[in-house]
Amino acid sequence: MQILVTGGAGYIGTHTCVALLQAGHQVVVLDNFSNSQPQALARVQQICGQPLPLYRGDVGDAALLQQIFAEWQIDAVMHFAGAKAVGESVVQPLVYYRNNVTASQTLIEMMTAAGVKTLVFSSSATVYGDPHSVPILENFPLAPTNPYGRSKLMVEQIIRDHCTATRADLGFNGIILRYFNPVGAHPSGLIGEDPRGIPNNLMPFIAQVAVGRRRELSVFGNDYPTVDGTGVRDYIHVCDVAEGHVLALTQLHGQPGCHVFNLGTGSGVSVLQLLQAYAKASSCDIPYRIVARRAGDVAQCFADASLAREVLGWQATRNLTDMVASSWHWQSMNPDGYCSTTV
Ligand code: WQD
């Protein structure tokens, strides 16, 4: 199938482009490079040996979307483009609602006008907020606690309402994938996580300490009711997440309706457990300091991924060692991310 991938130069986007191309699909990328590098797409082509047509621009640009749908026979859209930093969303909520909600509505409107009926949407476990228990099922209460999570839930609702609209001829197919904590990198070491500025997330921060770009990790609290007092999350290899997208598309394309799945491993790992695994895989000392809790953090968040296994036949296959070893392979080959010249 011909797939439009928005945000295709980003972390999850590049890994999914590789998985799509290697599964025999054709890919067109739309990206504004606000949080990614053009070099990332060159690396995807290096891995796959196939062309990757690119449109540089915003998902919210209706005229550009109309041009893409006129120039390509798009069968489905995978929508990754958007802002994704929880802390930043608290500071600039309107930016998040414009980039994530308004732009996504424009995309859905232009898809519908062009007769493109399948959308795979990059959602997030943050739509659950602070769960009443773990593991988390798809039918748990949806109570995001920050504008980023609320923006993701708003788009989910737009998709759900569009799928169930009274216009029976719509036949829109919305596939919503709620990621837990994607980490790691493609085994080639050519693509990986390359956040701009100071990393918000744990894994890229640890990776930058290991490679010597950061002095020490600040551990945000060790007084949570968890195995060792530090936060517990469901880290999932980004290649497992990418493969989940391909399988969801293959299994559900042409089946109108709204489908929602958790993409997680079903296991929780603490901050200190991840740090120790990384130190072992990289043979690097990773200094850390316990500091105050980070506002908005929850103690534990990990998935029940049985629905994706039962309906899509998908489950994560890579373990914690695979995650930290692949992250280290990417970071050690690209100490300054895509700006590195070592590769
Ligand atoms: C993980 C754990 C922190 C950094 C967020 C988004 C989610 C998704 C992934 C987009 C927590 C601790 C972190 C640090 C630390 N993003 N930590 N020191 O908050 O679970 O999820 O990113 O989709 O939507 O909400 O991930 O990696 O920021 O934090 O101690 O420097 O690591 O307290 O326990 P999080 P994270």
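Look up: the structure comes first, before these words.
Residues numbered from 1 in each chain as written. Predicted model: local features only at pLDDT ≥ 70, side-chain atom pairs only at ≥ 80, totals over all residues. Heavy atoms only, no water.

**Student:** Describe the overall build of the chain, listing the residues and the values that go with them.
**Tutor:** Helix and strand counts for the chain come out as 11 helices and 14 strands. What you see for the chain is a C-alpha radius of gyration of 19 Å, in line with the 20 Å of a compact globule of 343 residues. In terms of its C-alpha atoms, the chain occupies a principal-axis envelope of roughly 55 × 45 × 40 Å. With 343 residues in all, the chain has 54% of them scored as buried. Look at the contacts in the chain between residues 6 or more apart in sequence, and 79% of them connect residues 24 or more apart. When the accessible surface of the chain is summed, it comes to about 14100 Å², and 51% of that surface belongs to carbon and sulfur atoms. Counting 21 positive and 26 negative side-chain charges, the chain places the averaged centre of each group 4 Å from the other. (Helix = DSSP H or I, 4+ residues; strand = E, 2+ residues; numbered from the N terminus. Rg over C-alpha atoms; globule rule 2.2 N^0.38 Å. Buried < 20%, exposed > 50% of the residue type's maximum accessible area, 1.4 Å probe, protein only. Contact = heavy atoms within 4.5 Å. Areas by Shrake-Rupley, 256 points an atom, 1.4 Å probe, with all protein chains shown as cover. Lys, Arg positive; Asp, Glu negative; His and termini not counted. Charge placed at Lys NZ, Arg CZ, Asp CG, Glu CD.)

**Student:** Before we move on, could you go through the state of the cysteines and cite the residues and values that matter?
**Tutor:** Scanning all chains against the criterion turns up 0 disulfides. Cys48 carries a free sulfur, and the closest cysteine sulfur to it, the one in Cys17, is 8.4 Å from it. Sulfur of Cys301: no disulfide; nearest cysteine sulfur belongs to Cys258 and is 20 Å away. Residue Cys301 is classed as buried on the basis of its relative accessible area, which comes to 6%. (Disulfide = S-S within 2.5 Å.)

**Student:** Please set out the environment of Gly82 residue by residue, giving values where relevant.
**Tutor:** Along the chain, Gly82 turns up in the loop between strand S4 (76-79) and helix H4 (86-91). Along the backbone, Gly82 and Arg98 are 16 residues apart, and their C-alpha atoms lie at a distance of 9.3 Å. Apart from the residues within four sequence positions on either side, Gly82 is in contact with Asn99 and Asn100.

**Student:** A description of the layout of surface pockets should follow, citing residues and the corresponding values.
**Tutor:** Put simply, the second largest pocket is a space of about 150 Å³. Contributing to the lining of the second largest pocket are Phe69, Trp72, Gln73, Ile74, Asp75, Ala114, Gly115, Val116, Lys117, Thr118 and His253. Its residues assigned to classes, the lining of the second largest pocket comprises 5 nonpolar, 4 polar and 2 charged. (1 Å grid on protein atoms, 1.4 Å probe; cavity = no way out; pocket = protein on both sides within 12 Å on 5 of 7 lines; lining within 4 Å. Points joined across faces, edges and corners; volume = space filled by probe spheres on them. Nonpolar A, V, L, I, M, F, W, Y, C, P; charged D, E, K, R; others polar.)

**Student:** Can you break down the pattern of salt bridges residue by residue, with the values?
**Tutor:** Counted according to the given criterion, the structure contains 8 salt bridges. Taking the shortest distance from any N to any O, the salt bridge between Arg178 and Glu156 comes out at 2.6 Å. Of this pair, Arg178 sits in strand S6 (residues 173-179) while Glu156 sits in helix H6 (residues 147-163), and the two are 22 residues apart along the sequence. The burial state of Arg178 is the same as that of Glu156; both residues are buried. Of the charged contacts in the structure, one is a salt bridge between Glu216 and Arg289, with a shortest N-O distance of 2.7 Å. Of this pair, Glu216 sits in the loop between helix H7 (202-210) and strand S8 (217-220) while Arg289 is found in strand S13 (residues 288-291), placing the two residues 73 residues apart along the sequence. On the basis of relative accessible area, Arg289 is assigned to the partly exposed category, the value being 44%. Each of Arg215, Glu216 and Arg289 takes part in salt bridges that share partners, so that together they form one network. (Salt bridge = Lys/Arg side-chain N within 4 Å of Asp/Glu carboxyl O.)

**Student:** Residue-level account of helix H2 (residues 38-48), with values.
**Tutor:** Residues Ala40, Leu41, Arg43, Val44, Ile47 and Cys48 constitute the buried set of H2. Projected down its long axis, H2 carries its buried residues within an arc of 155 degrees, all on one side. Of the surrounding elements, those touching the buried residues of H2 are helix H1 (11-22), strand S2 (26-31), strand S3 (54-56) and helix H11 (320-333). Just downstream of H2 lies Gly49, where phi reads positive at about 65 degrees. (Arc of directions from axis to C-beta.)

**Student:** I'd like a rundown of the sheet that holds strand S14 (residues 300-301), residues and numbers included.
**Tutor:** In spatial order, the strands read S12-S9-S14; together these 3 strands make up an open sheet with mixed pairing. In this open sheet, the two edge strands, each paired with only one partner strand, are strand S12 (269-270) and S14. Both strand S9 (residues 232-233) and S12 contribute to a ladder of 2 bridges, which runs antiparallel. Counterpart to Val232 in the pairing with S12 is Ser270. (Pairing = 2+ DSSP bridges.)

**Student:** Run through empty space enclosed by the protein, naming residues and quoting values.
**Tutor:** One pass over the full model with this rule turns up 1 cavity of 30 Å³ or more. A volume near 60 Å³ is recorded for the largest cavity. Along the walls of the largest cavity sit Gly184, Glu193, Met203, Pro204, Ala207, Ser327, Trp330 and Gln331, which together make up its complete lining. Breaking the lining of the largest cavity down by element, the ones donating at least two residues are H7 and H11. Of the residues in the lining of the largest cavity, the class split is 4 nonpolar, 3 polar and 1 charged.

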